[in-house]
Amino acid sequence: MSGGNGLGTPSPTVDDRGTSWLDGSGQDHEIVLSTRVRLARNLQGYTFALRADADERRSVLDQVRHSLGASPDLDDGVLWEMSELEAVERRILHERHVVSRELIGPDEGPAPDGTALALGASGPCGVMINEEDHLRIQSLHNGMELEAAWRQVSELDEALGSRLPYAFHHEFGFLTCCPTNVGTGLRASVLVHLPGLVLTKEINKVLQGIAQVGLTYRGLYGEGSEVVGNFFQISNQTTLGKSETDLVDHLREIGVQVVEYEKRARAVLLREAPYVLEDKVWRAYGILRHARSLSFDEMMNLLSGVRLGLTLKLLRTPRVRTLNEIMIFAQSAHLERRAGRTLDEGDADVYRASLVRERLSSEGEATSSPSEPSPEADNSA
Amino acid sequence: MVCERCQEREAEVHLTTIENDEMATVHLCSSCAGQEGISAFTSAPAPLADFLATIGTSVEDASEGTMSEPCPYCGTSSGDFRRSGRLGCPECYAHFEGQLRGLLRRVHGSTQHVGKLYLGEAAESDDRFAKLRSLRLRLDRAVELEDFEAAAELRDQIDSLEAVER
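Model, not experiment: these values are computed from the prediction.

**Structural notes on helix H12 (residues 332–339) of chain A**
1) Next: When H12 of chain A is considered as a whole, its buried residues turn out to be Ser332, Ala333, His334 and Leu335 of chain A.
2) Next: Note on H12 of chain A: the residue one or two positions beyond its end, Gly340 of chain A, has a positive phi of about 75°.

Spelled out as structure tokens, the structure:
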């Protein structure tokens, strides 16, 4: 176990931890950016973290720290107290989707005392400590990998539960700070890229359908965040009255259907408006490849176009993994660390454009796929 | 909307109750609600999670008669919960059980957990003695709370463990 010893060592850096889920290895990874499963757990005999004072939070943290040895993966991993990380490092963790905004606290000033992140050695699993609940055990995978994520989280839960006195009620199940999480404490989500459904204006129908089957959708960063770059996070709405595997299976069934609808929408676009689509994709690539200033939202929309082009084989490069990495590494905290200083919005846009150009040019000039539609071969244009 | 009781003043308390799966809502002015033993929450609209916005005042279900008392363990009041949508500690679930049951049914469509069970931190250890001790403590607690369903479940677990011992 490294980190968190507080023995006068310089503040730790988060280096490249928490990024393995960007690797483009999971099922349907071109459309499904990530799968996350998390379990909320609390300790009996303590007030929930939101209401607890610093001493009580520290006491919970100590208990959790001593229980990490029950999981070999966490034992070999790291434990970072948020208060020992520089603000920029905390924001980097948030940009990598491994901690929530609530855990890291405000951008300026100290982090909330007693909040911490334990991150497993193998990468995609970890525990947020003293967020809203004492433990948020989570697993993050590339692509549509609900079963793998659930299995990993469940194992971690059992390991930690063998050493920690979880708050459990015979009727209500695992007790959580917010009653919307009680019971299983499980929230499973898939982050899907749906430009086809947005362009064909079918998206509202799909989102309504999702609501009707007891699921909900959110933006890129979960609750309260906006939809950016045609990414939608679909997750279970309820946590009580159904088993964990039922909840996970249901989300997978619906998730697979949404991916199928998206593929169909793309096929329609390709058939009905091949040149409009091709033009959109190449313009997006061109701007990303040459722009000197890019806001985050503009970059996300353009990346969405390039990602669509890749899946439709209108472009052969860059790799999906590169697009994933750009999405994460071209956010403000990552850019600030790269620049070695804080950046105002205008500066960040310039640094962002520079990083995007660098990453795209490292993959060589994009070429059209041999199956590219041509005016001669297609009379519908 | 006028108060259903006095038919005069504006109804400010909208109380929804669910009994035997039948939902009933009464609309009362704060004065009549007070006489009915229901206190009105007149605070400004709270920044609740989206689900709470749709559940109106069901959180204030007064059926247990404990609503005015804060949680004895952490001091969270019914008003705190309504404002934040968050409970203060695990004991809040027992303390606000009456109000919560209706809320959980509306939010989740159920109040009964059917997923993983938690058998106590000793349950996973090889130390059967420690596991039995933990189960017996929980049985005592269940009996104390007159929670006979849980007690029966724990009794079964203890029996099966003791059977292995023999």
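Right, picking up where we left off after that structure.
**With respect to the sheet that holds strand E5 (residues 135–142) of chain A**
Residues and elements named next belong to chain A.
1) Next: As summarised here, the arrangement of the eight strands in space is E2-E3-E4-E5-E1-E8-E10-E9, forming an open sheet in which the pairing is antiparallel. Sheet topology places strand E2 (78–81) and strand E9 (215–218) at the edges, where each strand pairs with a single neighbour. Strand-to-strand twist in this sheet, taken as the mean axis angle between neighbours without regard to direction, amounts to 20°.
2) Next: In terms of strand pairing, strand E3 (residues 116–119) meets strand E4 (residues 125–129) through four bridges, oriented antiparallel. Across the sheet, Ala118 pairs through a bridge with Val127, a residue of E4.

**Brief notes about the packing of H12 of chain A against helix H13 (residues 345–361) of chain A**
Residues and elements named next belong to chain A.
1) Next: Taken N-terminus to C-terminus, the directions of H12 and H13 make an angle of 85°; their axes are 10 Å apart at the nearest point. The pairing of H12 with H13 is recorded here as roughly perpendicular in orientation. Here Ser332, Leu335, Arg338 and Ala339 of H12 lie close against H13, whose contacting residues are Ala348, Tyr351, Arg352 and Leu355.
2) Next: Across the contact of H12 with H13, the residue classes break down as five nonpolar, one polar and two charged.

**Here we look at the domain arrangement of chain A**
Residues and elements named next belong to chain A.
1) Next: Looking at the assigned domains, one finds that chain A contains domain 1 (14–266) and domain 2 (273–375).
2) Next: Between the C-alpha centres of domain 1 and domain 2 there is a distance of 27 Å.
3) Next: Every contact between the two is made by 19 residues of domain 1 and, on the other side, 21 residues of domain 2.
4) Next: Looking at the side of domain 1 that touches domain 2 element by element, the count peaks at four residues for helix H3 (residues 87–95).
5) Next: Here the residues of the side of domain 1 that touches domain 2 sort into seven nonpolar, six polar and six charged.

**Description of the pairing of strand E10 (residues 231–236) of chain A**
Residue and element names in this part refer to chain A.
1) Next: Burial analysis of E10 places six of its six residues in the buried class, the great majority of the element.
2) Next: Every second residue of E10 is oriented toward a common face, with Phe231, Gln233 and Ser235 on one face and Phe232, Ile234 and Asn236 on the other, all of them buried.
3) Next: Examined bridge by bridge, strand E8 (residues 186–193) and E10 share five bridges and lie antiparallel to one another. Each bridged residue has a counterpart across the sheet, and for Ser189 the counterpart in E10 is Ser235.

**Focus: the interface of chain A and chain B**
1) Next: Contact with chain A, which involves 36 residues of that partner, is made by 32 residues of chain B.
2) Next: Those elements giving two or more residues to the side of chain A that touches chain B turn out to be helix H5 (146–161), strand E6 (168–169) and strand E7 (173–174) of chain A.

**Points about the packing of helix H11 (residues 320–329) of chain A against H13 of chain A**
All names here are of chain A.
1) Next: Two elements in contact, H11 and H13, have axes whose closest approach is 10 Å; the angle formed by their N-to-C orientations is 165°. In terms of orientation, H11 lies roughly antiparallel with respect to H13. Considering how the two elements wind past one another, H11 and H13 form a crossing that is right-handed. Contact with H11, carried on its side by Thr322, Glu325, Ile326 and Phe329, involves Leu355, Val356 and Arg359 of H13 and no other residues of that element.
2) Next: Residues belonging to the contact of H11 with H13 are distributed by class as follows: four nonpolar, one polar and two charged.

How each quantity is defined
Residues numbered from 1 in each chain as written. Chains lettered and ligands numbered in written order. Predicted model: local features only at pLDDT ≥ 70, side-chain atom pairs only at ≥ 80, totals over all residues. Buried ≥ 20, exposed ≤ 12 C-beta atoms within 10 Å, placed from the backbone. Helix = DSSP H or I, 4+ residues; strand = E, 2+ residues; numbered from the N terminus. Pairing = 2+ DSSP bridges. Axes fitted to C-alpha atoms, helices over the stretch in contact; angles between N-to-C directions. Parallel < 35°, antiparallel > 145°, perpendicular 65-115°, else oblique. Contact = placed C-beta atoms within 7 Å. Nonpolar A, V, L, I, M, F, W, Y, C, P; charged D, E, K, R; others polar. Domains from an automatic or database assignment. Left-handed = near helix turned anticlockwise from the far one by under 90°.

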